[in-house]
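Structural characterization, general
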Amino acid sequence: MAYDTVKLRSPYMDASLMRRIEQQCILRSGLHLGTGEVLYELHAGELLGSWDSRIAIKPMHEEHVADKNGRVAMHPCEPYLIVEASVHKVQLGHNVYGGPSVFLTACRDLVALVEKLLDTDLPAADFWTVHRVDVANVFDLPQTQVKRFFESMQLLSFPRRGKKAMKTAQSLYFPGKTTTVKFYHKGPEFRVHDVGRLKRFFRILFSHLHGDDDGKNFERVERKVQALQRLADKRLRVEVEIHADKLQYDFGRCPRVSEVSDDYLQRIHDSEIERVLREGKQGMETVRTEEAVWRRLQECHPAKLAHVLHAFWQVMATRGDDKARERYTKPTFYRNRKLLEESGVSWRGSDVFIVANDCPIHDFAPLRADRRFCHLPARNRPEYHVSRDLLRLAA
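So, here's what we can say about the structure.

Parameters at a glance
- Residues numbered from 1 in each chain as written.
- Predicted model: local features only at pLDDT ≥ 70, side-chain atom pairs only at ≥ 80, totals over all residues.
- Heavy atoms only, no water.
- Core = buried A, V, L, I, M, F, W, Y, C linked by side-chain atoms within 4.5 Å.
- Buried < 20%, exposed > 50% of the residue type's maximum accessible area, 1.4 Å probe, protein only.
- Helix = DSSP H or I, 4+ residues; strand = E, 2+ residues; numbered from the N terminus.
- Contact = heavy atoms within 4.5 Å.
- Salt bridge = Lys/Arg side-chain N within 4 Å of Asp/Glu carboxyl O.
- Pairing = 2+ DSSP bridges.
- Expected span 1.5 Å × (residues − 1).
- Phe/Tyr/Trp six-rings, centres within 6.5 Å; stacked < 30°, edge-to-face > 60°.
- Lys NZ or Arg CZ within 6 Å of the ring centre and 35° of its normal.
- Axes fitted to C-alpha atoms, helices over the stretch in contact; angles between N-to-C directions.
- Nonpolar A, V, L, I, M, F, W, Y, C, P; charged D, E, K, R; others polar.

One finds L8, L81, F103, L110, F183, L236 and L265 to be the most contacted residues of the largest nonpolar core, which totals 53 residues. Per-element tally for this core: the top contributor is helix α3 (residues 103-118), with eight residues. Beyond its immediate chain neighbours, meaning those up to four positions away, L265 contacts Y3, F103, V133, V135, I242 and V260. With 18 residues, the next largest nonpolar core counts L297, V315, A324 and V345 among its residues.

Listed below in structure tokens is the structure:
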């Protein structure tokens, strides 16, 4: 497990301190051309998306406040600061491997870095409040198996998030109000968003270290970046983006950094992945091949019910959730699905080949129990050896 993007809000700060910070941020303003009136003025650096390697720093002078009727609106308040960044890229310059696994330490390091960049004393990180955390698990799979994994997931259905869900040949995206679940192949994402940035950084670095020998420096740059690309090509990344609404629901408010534990964040990650895959809850080993499913159902249920559940499983495995909902009444569908989950039976990646669900990775699920879960440092090779401080400059 590693943490990626986090969004933190500082305690209220002194106005003079905030002015010092604002002088170092991007000034954005809207002007009414007819009257000359300034409609808004924002000092902000913003992230383009979760892949962005920059640090967003937003000085704020307003906050959401609910009135007596429950309506929420922005009202003036004492100044505070919002910081959002990928703590993984802040530390390593990329998020292919490694990354922080202790939330409190990651937040302290981020606030300390912002403090250094702004040359300004900031409140202690423990007292900042948490408004977003991305928790990621990474799995080591060959490119062909990553492709087949996503092919096997095309029948996956998440009705509550179905309207905005996105499925491609290399990713799955299930947005929601409290959490967003993302599965994606790291290789293509790294190639699009990180390769160019890291090449520019390494060219400058090697020119400084080795002089202006363009030929050899070019080879050094290519060797470094290609090593990271090869590693990214074998990575399936499973992220759960935990929103402020989820944190407020669990804690009654947005919690302080010191109140959020690693166990709590990992539980949310596991729970959300289980809800998507409909597996992983049971204490027994998950089965998904036809013969193993039949044996499991016979062991767990009376003969008549085992036959009923086996027929239901075949529909789920070959036709998908949506078609199964059409064939069964709502109570029957949810009752049978629940019984399959409790029996440790999965219909995803089965060996039933009636429709395009013929994923040969019958023993893989993107859960921490899988043997391909990445929990050790990358191989000890010189290509991966770059100091943390240097790679921060590339972010």
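What follows covers the pattern of salt bridges. It is possible for side chains bearing opposite charge to pair when their charged atoms get close. The final tally for this structure, using the stated rule, is 26 salt bridges. Note that K323 is salt-bridged to E326, the shortest N-O span being 4.0 Å. With K323 and E326 both in helix α11 (residues 303-327) and three residues apart, this pair spans about one turn of that helix. On the basis of relative accessible area, K323 is assigned to the partly exposed category, the value being 36%. Residue E326 is classed as exposed on the basis of its relative accessible area of 61%. Within the structure, one salt-bridge network assembled from shared partners comprises D4, E84, R132, D134, K182, R237, E239 and E241.

Bringing the pairing of strand β9 (residues 179-185) into the picture now. Within β9, seven of the seven residues are buried, which leaves it mostly tucked inside the rest of the structure. The loop that links strand β8 (residues 171-174) with its antiparallel partner β9 comprises four residues. Bridging between β9 and strand β10 (residues 235-243) involves seven bridges; their strand directions are antiparallel. Pairing of T179 across the sheet is with I242, part of β10.

A few words on the side chain of H88. Structurally, the position occupied by H88 is in helix α2 (residues 87-92). In this structure H88 comes out as buried when scored by relative accessible area, which is 1%. Setting aside residues up to four positions removed in sequence, H88 forms contacts with Y3, D4, G93, H94, N95, V96, Y97, G98, G99, P100 and R237.

Next up on the list: helix α9 (residues 262-277). For α9, built from 16 residues, the straight-helix expectation of 22 Å at 1.5 Å per residue is met to within 8% by its first-to-last C-alpha distance of 23 Å. Buried within α9 are the following residues: Y264, L265, Q266, I268, H269, D270, E272, I273, E274, V276 and L277.

Looking now at the packing of aromatic side chains. Applying the stated criterion across every chain, the model contains eleven aromatic pairs. Judged by centre distance (5.7 Å) and plane angle (50°), the rings of F139 and F373 are tilted. Highlighted residues: F139 in strand β6 (residues 129-140) and F373 in the loop between α12 (330-342) and α13 (388-394), separated in sequence by 234 residues. Taking the relative accessible area as the measure of exposure, F139 reaches 0% and is therefore buried. Arranged with centres 5.2 Å apart and planes meeting at 55°, the rings of F201 and F202 form a pair that is tilted. The lysine or arginine in question, R9, covers the ring of Y80, its NZ or CZ lying 3.6 Å from the ring centre.

Below, the discussion takes up the pairing of strand β1 (residues 2-9). Where burial is concerned, most of β1 is hidden: seven out of the eight residues are buried. Bridge count for β1 against strand β5 (residues 72-86) is five bridges, and the pairing is antiparallel. Paired with K7 across the two strands is E84, which belongs to β5.

Attention shifts here to the packing of helix α5 (residues 186-193) against helix α7 (residues 214-232). For any two helices packed against each other, one specifies the crossing angle of their axes together with the interaxial distance. The interhelical angle for the contact between α5 and α7, taken along N-to-C directions, is 150°, at an axis separation of 7 Å. Residue-level contacts link K186, G187, F190 and R191 of α5 to V225, L228, Q229 and A232 of α7. Classifying every residue of the contact of α5 with α7 gives four nonpolar, two polar and two charged.

Right, let's talk about unusual backbone geometry for a bit. Phi at D119 takes a positive value of approximately 55°, unusual for a residue other than glycine. Looking at where D119 falls in the secondary structure, it is placed in the loop between α3 and β6. Residue D119 is classed as exposed on the basis of its relative accessible area of 57%.

As a further point, take the environment of L8. Following the sequence through the fold, L8 ends up in strand β1. Judged by relative accessible area, which is 0%, L8 ranks as buried. A C-alpha to C-alpha distance of 9.1 Å links L8 and V133, two positions 125 residues apart in sequence. Once you skip the residues sitting within four places of it in the chain, L8 turns out to touch L81, I82, V83, C107, L110, V111, W128, T129, V130 and V257.

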